Amino acid sequence: MIKKITHSGKEIGRVVGNTSPQEFTFYLRRYSAKLGDLVSVLTSIPRDKNDENDKKPVSSQGKDNTEEVIVWGRITSLNRYNPFLPSEAGLELADQGVELLDTVLSSSRDQLEANVLVLGASRAGEYNKLFPLSYPVQPGNVVRLPPRETVETVLVGDDKETPRIPVGSLIGRNDVPIKLKVNSIVARHMVILAMTGGGKTVAARRIMRELMDMGYPLLILDPHGDYLKFAQMPDKFPNNKVSLFYPSVMVTEQNRDVVSYLVSEMTQGFTDPQREVFWEAIEKVSINDRESIEGFISNVLDQLQNVDKALTSKKNLNATGRVVQRNLRLVRQQMENMSKTNEKLRRRMPKLEVRFEAMPDPKTNPQGFVYPGRVSILYLGGYEHLTQSTIAALVLGSLYEHRASLTDEIAPFMTVVEEAHNFIPSRSEGGTTIPSVAVIRKVITEGRKFGVGLLLISQRPSRLDETALSQCNTFLVLRLVNPRDQQFVEKVMENLSKADRSLLPNFGQGQGIVSGQAVRFPLLVKIRFDDDLVSSSLGDENLISIVQNWPNTTQGNSAAMGRQFKDDLKNAGV
Ligand SMILES: Nc1ncnc2c1ncn2[C@@H]1O[C@H](COP(=O)(O)OP(=O)(O)OP(=O)(O)O)[C@@H](O)[C@H]1O
Ligand SMILES: [Mg+2]
């Protein structure tokens, strides 16, 4: 006896027109489904002679050579059309200003045509096992909206045991949660792309909050202070120790070369003779325990001054020495300026439960950044992009080395990189001269082996390094309007369909498409908004009120102004 497969769910339409194993179209009953919904169709396909299923007497097998399967698909576009309202009639109505109801024309006979991208098919009761469909669905068949439990089984697949984190729900079905496979994110890297205001930071906070609950160590490179809220509410994160760091490049015996690194990045670099003079001087300078980079450069400059005095007769060497000195002064000056700006920005911040500390040395004290339960936020505000990149390269590079040396000095960890286009720009955006590019590329290609993961976030996808990005495994793409950015996304995301690309500019805040190893197939998602984690940053203050309350003197009153600015920031909840 043939056991009929049960096809549950509300009937929402019928398959029509041309169908293929990849897609089909159906007429949708009005108001019964939305864009992005998962739908199912029961259809017969030719039986695979070598299939194990073939041998089972009780199955969903139809006549000898066919079997019934459920085909799963996602609505990728919806078109509405009323054949009883021809365009001529519409024109007439518009011209005369007549209401449709006052005519004999029908306003209720419109047709809804839904296009569906086929995700796969499954056999009776095996919704967790999806196989590619190799035969088109039958026109005329019923299309159903499957119940929540079934959709969840289809989404999760076989591996119920795999740890997952909830990020939101299926667009249009907030009863269906979307969960990402944690291991795919933390080891195989994830990218969040969207235009500004699209909801990247909200999505990143959602993912980070779940990882924090699991005690997974995080290092956050935070140029804007978007993640400082994690340090404002320790009661919400009882399993974590959140540390706030400001950049502080220390020179130790092990990393003396950091100065020449900065010179080569921040200035035109040294010629060979200049490098010789520099190294001669640097080797004579002793390092007192841990010295700040500015202090160390001052000592090297003093040393060069002495050498200079001793060499007054040798003009050439003298000139060389002076170029070396100039470059070193330039680096010292830039480092001092940026560190002062960073300090000013920190002082303007609201009272945080955690105090900012100078960052530990990633080479000698990697545990200062990474251990289970720790969240290290490195606040990079005030630093130029190149210096931010240099600091990121130093920190991430050293921590990666500790993992790659397999000495188990530090636990696996994930690094969150906001404004990733500044850290891993494409070649045409100066990618070859930016120090963090090499480190991030290495982590993307090799990090998986050593438990070093990346969460890259950017609002300028087309400025990112394409080769590196295409090796990331999970993508969350929210609203994107710029065609160049859309093009980039299409190139780096293997399975983004044309229909999905066309959705990108129309997504609302927090809506997007998630695809890659963390999910079974690309899905439209609405990210859950953790409004308790929102922290307004500098730039969100009410400028109109600041101007309206500006002290009424011609010269201004800087003290009052400072107070006012601070008050406004506080009121803005910063
Ligand atoms: N999932 C969401 N649900 C509801 N509202 C959201 C969601 N995501 C973002 N928003 C709204 O959009 C605002 C901007 O979001 P967010 O700061 O994450 O954008 P962004 O992409 O990081 O922007 P930027 O590029 O400027 O950093 C939020 O303050 C919030 O009001
Ligand atoms: Mg943001």
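Residues numbered from 1 in each chain as written. Chains lettered and ligands numbered in written order. Predicted model: local features only at pLDDT ≥ 70, side-chain atom pairs only at ≥ 80, totals over all residues.

Chemist: I'd like a rundown of the site of ligand 1, residues and numbers included.
Modeler: Lining the immediate environment of ligand 1, one finds 14 residues, of which T196, G199, T201, G510 and F529 sit closest. Top element by residues in the shell around ligand 1 is helix 4 (residues 200-213). It accounts for three residues. A class-by-class count of the residues in the shell around ligand 1 yields five nonpolar, eight polar and one charged. (Near = placed C-beta within 6 Å. Helix = DSSP H or I, 4+ residues; strand = E, 2+ residues; numbered from the N terminus. Nonpolar A, V, L, I, M, F, W, Y, C, P; charged D, E, K, R; others polar.)

Chemist: Break down the sheet that holds strand 3 (residues 38-46) for me, citing the residues and quoting the values.
Modeler: Two modes of strand pairing occur in sheets, parallel and antiparallel, and in both the strands are linked by backbone hydrogen bonds. Strand order in the closed barrel formed by six strands is 1-2-5-4-3-6, and the pairing between neighbours is antiparallel. For this sheet, the mean angle separating the axes of adjacent strands, direction not counted, is 45 degrees. Direction of pairing for strand 1 (residues 10-16) relative to strand 6 (residues 142-145): antiparallel, over a ladder of four bridges. Within strand 6, the residue paired with E11 across the bridge is R144. (Pairing = 2+ DSSP bridges. Axes fitted to C-alpha atoms, helices over the stretch in contact; angles between N-to-C directions.)

Chemist: For helix 5 (residues 258-266), give the residues involved together with the corresponding values.
Modeler: Along helix 5, the residues classified as buried are V259, L262 and V263. End-on, the buried residues of helix 5 take up no more than an arc of 100 degrees, which puts them together on one face. (Buried ≥ 20, exposed ≤ 12 C-beta atoms within 10 Å, placed from the backbone. Arc of directions from axis to C-beta.)

Chemist: Account for the sheet that holds strand 17 (residues 452-458), naming residues and giving values.
Modeler: The mixed open sheet is built from 12 strands, whose spatial order is 8-7-20-19-18-9-17-16-10-15-11-14. Both edges of this open sheet fall to strand 8 (173-181) and strand 14 (356-358), since each of them pairs with a single strand only. With strand direction ignored, the average angle separating the axes of adjacent strands in the sheet is 30 degrees. In this structure, strand 7 (residues 164-170) lies alongside strand 20 (residues 523-527), joined through three bridges in antiparallel fashion. Each residue of the ladder has a partner; that of S169, found in strand 20, is K526. On the sheet, helix 4 packs against strand 7, strand 9 (190-193), strand 10 (218-222), strand 15 (374-379), strand 16 (413-417), strand 17, strand 18 (474-477) and strand 20 and is oriented at approximately 145 degrees with respect to strand 7. (Contact = placed C-beta atoms within 7 Å.)

Chemist: Could you give an account of the nonpolar core, naming the residues involved and the relevant values?
Modeler: Among the nonpolar cores identified, the biggest contains 144 residues, and L218, I377, L378 and V477 are the most heavily contacted of them. Here this core gets eight residues from one element, more than from any other, and that element is helix 9 (residues 385-404). Contact partners of V477, with chain neighbours within four places excluded, come to L193, A194, V489, L504, G512 and I513. (Core = buried A, V, L, I, M, F, W, Y, C linked by C-beta atoms within 7 Å.)

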